[in-house]
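An overview of the molecular structure
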Amino acid sequence: MPSSAKQVRIAVTRPVSPALLRCELTHLARAPIDIDRAREQHATYEQALLRVGCRLERLPEAPLLADSVFVEDTAIVLDEIAVVTRPGAPSRRAETDSVAKVLGRYRRIAGIAAPATLDGGDVLRVNRTLYVGLSGRSSRSGLEQLAEHVAPFGYRVEAVPVHGCLHLKSAVTRVGPETLLLNPQYVATEPFRGLEWIEVDSAEPLGANALLLDSEVIYPASKPRTAERLRRGGVAVSVIDVSELEKAEGAVTCCSLVFVDDDRREP
Ligand code: GLY
């Protein structure tokens, strides 16, 4: 990408499906979801993306795909390439074609071949390292295929076992250039040596998911104690209510794919 080109931050999102009521769940008990409220919360989330300067690229609604609002799981978008995943939950595999179509306008596309699986929620980028969660959704062969795709661009892939939660990014996310927010119950800290981290409040085990955009993080209102820890650690926190999406085992990183691209508007 030429350095003189004006750049824009793109956020790919997808509306909440009415089928969200039948979403996949791994470590949460099913609770009734108010779809209208989920849609309002998703709209607030999109407003937060707009406020920090993102341009929204909204995918078409997928009424039959229960978890399709959680677009993060369908791709890993780097500056040089987008790797479209093969989600670990079979019900989610039909989400990827429409994502590949949109991302193909911005990046060269690579894929993950069966039987390997990979969810984007299991991939955490810090500089040129991709930490990949070995969770119930992402397999070692998925990690290996990702590593082959990204090695030519200088990325290193590091496996991180995940226990007790859905994805790696349920356990650890970035809240600063080299600062993490993590729950040591779900993930060992050893793979993150050399980085700093803030631990979630122990009363908020699912509080490790924050969406870092520029110099602030979008963070769920349901985790006030951890939000306060972040503020005390010097992190600018913008709180939004995503309680209905959380019932579907979703969180703030899950609902977008954010990347930087040249500012080229649609013809
Ligand atoms: N409900 C989110 C997921 O299981 O992928």
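See the structure shown above.
Calculation rules
Residues numbered from 1 in each chain as written. Predicted model: local features only at pLDDT ≥ 70, side-chain atom pairs only at ≥ 80, totals over all residues. Heavy atoms only, no water. Helix = DSSP H or I, 4+ residues; strand = E, 2+ residues; numbered from the N terminus. Rg over C-alpha atoms; globule rule 2.2 N^0.38 Å. Buried < 20%, exposed > 50% of the residue type's maximum accessible area, 1.4 Å probe, protein only. Contact = heavy atoms within 4.5 Å. Areas by Shrake-Rupley, 256 points an atom, 1.4 Å probe, with all protein chains shown as cover. Lys, Arg positive; Asp, Glu negative; His and termini not counted. Charge placed at Lys NZ, Arg CZ, Asp CG, Glu CD. 1 Å grid on protein atoms, 1.4 Å probe; cavity = no way out; pocket = protein on both sides within 12 Å on 5 of 7 lines; lining within 4 Å. Points joined across faces, edges and corners; volume = space filled by probe spheres on them. Nonpolar A, V, L, I, M, F, W, Y, C, P; charged D, E, K, R; others polar. Phe/Tyr/Trp six-rings, centres within 6.5 Å; stacked < 30°, edge-to-face > 60°. Lys NZ or Arg CZ within 6 Å of the ring centre and 35° of its normal. Salt bridge = Lys/Arg side-chain N within 4 Å of Asp/Glu carboxyl O. Near = heavy atom within 4 Å. Polar contact = N/O pair within 3.5 Å; in protein donor to acceptor, adjacent residues only side chain to side chain. Sits in = over half its atoms within 2 Å of the grid points. Pairing = 2+ DSSP bridges. Axes fitted to C-alpha atoms, helices over the stretch in contact; angles between N-to-C directions. Core = buried A, V, L, I, M, F, W, Y, C linked by side-chain atoms within 4.5 Å.

Quick word on the overall build of the chain
Each helix and strand in the chain was counted, giving 6 helices and 15 strands. Taken over the C-alpha trace, the chain has a radius of gyration of 17 Å; the compact-globule value for 267 residues is 18 Å, and the two agree within 12%. Along the longest, intermediate and shortest principal axes, the C-alpha atoms of the chain span 45 × 45 × 40 Å. Going through the 267 residues of the chain one by one, you find that 55% of them count as buried. The contacts in the chain between residues at least 6 apart in sequence include a share of 69% that link residues at least 24 apart. Entry remark: accessible area of the chain is about 11,500 Å², with carbon and sulfur atoms responsible for 51%. The averaged location of the 36 negative side-chain charges in the chain is 2 Å from the averaged location of its 33 positive side-chain charges.

As for empty space enclosed by the protein
Scanning all chains against the criterion turns up 1 cavity of 30 Å³ or more. Quantified by volume, the largest cavity comes out at close to 50 Å³. Lining the largest cavity are Glu24, Asp67, Phe70, Asp73, Arg92, Arg137, Leu166, His167, Ala248, Glu249 and Cys254. Of the residues that constitute the lining of the largest cavity, the class distribution is 4 nonpolar, 1 polar and 6 charged.

Here's the deal with the packing of aromatic side chains
Scanning the entire structure with this criterion turns up 2 aromatic pairs. Here the aromatic rings of Tyr131 and Phe192 are separated by 4.8 Å at their centres, their planes lie at 55°, and the arrangement is tilted. In this pair, Tyr131 sits in strand S7 (residues 129–134) while Phe192 sits in the loop between strand S10 (179–182) and strand S11 (196–199), placing the two residues 61 residues apart along the sequence. An identical accessibility class is assigned to Tyr131 and Phe192; each is buried. The ring centre of Tyr155 lies 4.3 Å from the NZ or CZ of Arg128, which sits over that ring.

Section: the pattern of salt bridges
Once the charged atoms of two side chains with opposite charge are near each other, the side chains can pair. Under the defined criterion, the tally for this structure stands at 22 salt bridges. Note that Glu80 is salt-bridged to Arg128, the shortest N-O span being 3.1 Å. Of this pair, Glu80 sits in the loop between strand S3 (75–77) and strand S4 (82–84) while Arg128 sits in the loop between strand S6 (123–126) and S7, and the two are 48 residues apart along the sequence. You can call Glu80 partly exposed: its relative accessible area is 25%. Ionic pairing is found between Arg225 and Asp201, a salt bridge with its closest N-O pair at 3.9 Å. Placement of Arg225 in helix H5 (residues 224–232) and of Asp201 in the loop between S11 and strand S12 (211–213) is noted, with a sequence separation of 24 residues between them. The class for Asp201 is buried, based on a relative accessible area of 13%. Counted as one network, the salt bridges with shared partners bring together Arg37, Asp241, Glu244 and Lys247.

Considerations on the site of the ligand
The environment of the ligand is formed by Glu24, Asp67, Phe70, Arg92, Arg137, Leu166 and Ala248. Backbone polar atom of Glu24 to a nitrogen atom of the ligand: 2.7 Å apart, as the coordinates give it. Taking Ala248, its main chain carries an N or O atom lying 2.6 Å from a nitrogen atom of the ligand. In isolation the ligand offers 200 Å² of accessible surface; the protein chains occlude 99% of this area. Cavity membership is defined here by more than half of the atoms lying within 2 Å of grid points; on that basis the ligand lies in the largest cavity.

Quick look at the sheet that holds strand S1 (residues 7–13)
Within the open sheet, the 3 strands sit side by side as S2-S1-S15. Their pairing is mixed. Each edge of the sheet is formed by a strand with only one pairing partner; in this case those strands are strand S2 (54–58) and strand S15 (257–262). Sheet twist, expressed as the average angle between the axes of neighbouring strands with direction ignored, equals 35°. With 6 bridges joining them, S1 and S15 adopt antiparallel strand pairing. Note on S15: the bridge partner recorded for Val8 is Asp261.

Digging into the nonpolar core
Counting 26 residues, the largest nonpolar core has Leu20, Leu49, Phe70, Ile218 and Leu245 as its most contacted members. Contributions of two or more residues to this core are made by helix H1 (35–51), S2 and S12. At 5 residues, the largest contribution of residues to this core is made by H1. Apart from the residues within four sequence positions on either side, Leu49 is in contact with Ala11, Thr13, Cys54, Leu56, Leu211, Leu213, Ile218 and Ser256. Grouped together as the second largest cluster of nonpolar side chains are 16 residues, Ile76, Val83, Ala110 and Tyr155 included.

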